[in-house]
Amino acid sequence: MNVITKKVSLPDGREISIETGKLAKQADGAVMLRMNDTMLLATVCAAKDAVPGTDFMPLQVEYREKYAANGRFPGGFTKREGKASDEEILTCRLVDRALRPLFPSNYHAEVYVNVIVFSADGKDMPDALAGFAASAALAASDIPFEGPISEVRVARINGEFVINPTFEQLKEADMDLMVGATEENIMMVEGEMKEVQEKDLLEALKAAHAAIKPQCRLQKELMKELGKDVKREYCHEVNDDDLKADLAAKCYQPAYDVTKQGLEKQARAEAFEKIREDYKEAYAAAHTDLSEEELEEKYTLIDRYYHDVERDAMRRCILSLMRVYVSMVVRPQTSVLSGARFLHSQDLTEVLSSLVVKHRHWLLSLLAQNSTRNLWTVHWSVTT
């Protein structure tokens, strides 16, 4: 039994250990993470091949806090574990959000990540360790992954930042953030705070990233020691780089021009479709030597590549209009009457371009389609 244990310390001296090679040996990767008497088992399994026709990343993340972790078992009428709680589902999403972007874009095999709390001491918060455990399990496997990552909770307590605070410490915090990051970049931030300055938020992110970096380095050491720094080979999609470059060169600017017109949703979709169909006709006319079957394969690739071109054109247009229209330096406020949260933009003191003023509602619809969904109510205050 080749059991490997790695340890890393938090800024306050508490120690986190990762053990692999002892439990769940039939999984592609498995680790037992421990901090004091809180223990999490993370396992990851992946299919060898992708299901034919799959063009997305079928990743499923599960996080469960078992009754037995706290020395209890379900009693009464129900004697089994119930469905996942809201907190468990939110933890799954936080882990998924940090892991998903780091799988190769052409990797489409089903991947299942399971994190189970085996022991909870009632002091340390296990959800703050789930991302670290999940990434360590991927590091201990040969599944293609452009990580590792880790997640920590950072809280400001009495003016000082605390990494992975205890339940008691968190009661006194005025900032509570979950941060996921690689050694080089921050991947995900979510949390709440009580009207703090922007510089305080940046300091919190720096403190979290500083704690994450040693955890990522530990996982890289683990990969090398296990011989998992070379991942499995796969071929889940066929690509044509020349076709992709030609499509971008000929369709990007027309797609950008359509986006800039500010058309209604249906009209915009029809205009995008016409650009794609015109390109297919031109491609078929220029490649008469291809059979119908080969041409259909090219059309499938064109549909996939054109989606990326369309998305990039819309993002570029949104950013350019935002720079012209309004500076997104805003302050959240709470309505005294309804308790709703509002986002007030600063009044503009210069005359806006007619295009942007005319299509401000269209700009909002594009932002809703291309950014993370939120619960803000946006109010535009324009001075012309």
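Residues numbered from 1 in each chain as written. Predicted model: local features only at pLDDT ≥ 70, side-chain atom pairs only at ≥ 80, totals over all residues. Heavy atoms only, no water.

*Asks:* Can you help me understand the pairing of strand 2 (residues 15-20) in this one?
*Replies:* Looking along a regular strand, one sees side chains alternate from face to face of the sheet. With six bridges connecting them, strand 1 (residues 4-9) and strand 2 associate as antiparallel partners. Each bridged residue has a counterpart across the sheet, and for Ser 9 the counterpart in strand 2 is Glu 15. Linking strand 1 back to strand 2 in an antiparallel pair, the connection comprises five residues, with Gly 13 at a positive phi of about 100°. Note: strand 2 against strand 3 (residues 29-35), four bridges, orientation antiparallel. When the sheet's bridge partners are listed, Ile 16 is paired in strand 3 with Met 35. (Pairing = 2+ DSSP bridges. Helix = DSSP H or I, 4+ residues; strand = E, 2+ residues; numbered from the N terminus.)

*Asks:* Help me out: how do you make sense of the sheet that holds strand 8 (residues 160-163) in this one?
*Replies:* The pairing of strands in a sheet comes from backbone hydrogen bonds and takes either a parallel or an antiparallel form. Taken in spatial order, the four strands of this open sheet run 8-7-9-10, and their pairing is antiparallel. Of all the strands in the sheet, the pair left with one neighbour each is strand 8 and strand 10 (186-193). Strand-to-strand, the axes of this sheet are offset by a mean angle of 20°, without reference to chain direction. Across four bridges, strand 7 (residues 150-157) lies against strand 8 in antiparallel orientation. Its bridge partner being in strand 8, Val 154 is matched across the sheet by Ile 163. (Axes fitted to C-alpha atoms, helices over the stretch in contact; angles between N-to-C directions.)

*Asks:* Explain helix 1 (residues 86-99) to me, please; I cannot follow it from the model alone.
*Replies:* An α-helical turn contains 3.6 residues, so any two residues separated by three or four positions project in the same direction. Taking 1.5 Å per residue, 14 residues should reach 20 Å; helix 1 reaches 20 Å between its end C-alpha atoms and fits that length. Within helix 1, burial applies to Glu 88, Thr 91, Cys 92, Leu 94, Val 95, Asp 96, Ala 98 and Leu 99. Contacts from the buried residues of helix 1 go to strand 5 (59-65), strand 6 (111-119), helix 2 (130-139), strand 7, strand 9 (173-181) and strand 10. (Expected span 1.5 Å × (residues − 1). Buried < 20%, exposed > 50% of the residue type's maximum accessible area, 1.4 Å probe, protein only. Contact = heavy atoms within 4.5 Å.)

*Asks:* Got a minute to help me understand the environment of Glu 190 in this structure?
*Replies:* Inspection of the secondary structure assignment puts Glu 190 in strand 10. In sequence terms Glu 190 and Asp 176 are 14 residues apart; their C-alpha atoms lie 8.5 Å from each other. Residues in contact with Glu 190, not counting those within four places in the same chain, are Leu 94, Arg 97, Asp 176, Leu 177 and Met 178. At 2.6 Å, the side chain of Glu 190 and the side chain of Arg 97 are in polar contact. (Polar contact = N/O pair within 3.5 Å; in protein donor to acceptor, adjacent residues only side chain to side chain.)

*Asks:* When you look at the pairing of strand 5 in this model, what are you seeing that I'm missing?
*Replies:* Two strands pair when backbone bridges link them, and strand 5 and strand 6 are joined in this way by seven bridges, in the parallel orientation. When the bridges of strand 6 are listed, Arg 64 appears paired with Ile 116. Taken together, strand 5, helix 1 and strand 6 form a β-α-β motif whose crossover is left-handed. (Right-handed = clockwise from strand over helix to strand, strands pointing away.)

*Asks:* Which parts of the structure should I look at to understand the side chain of Arg 153?
*Replies:* Assignment of secondary structure puts Arg 153 in strand 7. The exposure class of Arg 153 is buried, given its relative accessible area of 7%. A polar contact is formed between the side chain of Arg 153 and the side chain of Asp 176, at a distance of 3.0 Å. Ignoring any residue separated from it by four or fewer positions in sequence, one finds Arg 153 in contact with Met 125, Asp 127, Ala 128, Val 162, Ile 163, Asn 164, Pro 165, Leu 170, Asp 176, Leu 177 and Met 178.

*Asks:* Where do I start with the side chain of Asp 96 in this structure?
*Replies:* Position of Asp 96 relative to the elements: it lies in helix 1. For Asp 96, the side chain forms a polar contact with the side chain of Arg 100, separated by 2.8 Å. In this view, Asp 96 contacts Leu 59, Val 61 and Pro 101; residues no more than four positions away in its chain are not counted.

*Asks:* Would you mind showing me how to read the nonpolar core here?
*Replies:* Soluble, globular proteins show a tendency: their nonpolar side chains are buried together. Counting 57 residues, the largest nonpolar core has Leu 99, Phe 103, Val 111 and Val 113 as its most contacted members. Top contributing element to this core by residue count: helix 4 (residues 198-226), with eight residues. For Val 113, the contacting residues outside a window of four places in its chain are Thr 43, Val 44, Leu 59, Gln 60, Val 61, Glu 62, Leu 99 and Ala 134. Ala 255, Ile 275, Leu 301 and Val 309 belong to the second largest nonpolar core, which has 20 residues in total. (Core = buried A, V, L, I, M, F, W, Y, C linked by side-chain atoms within 4.5 Å.)

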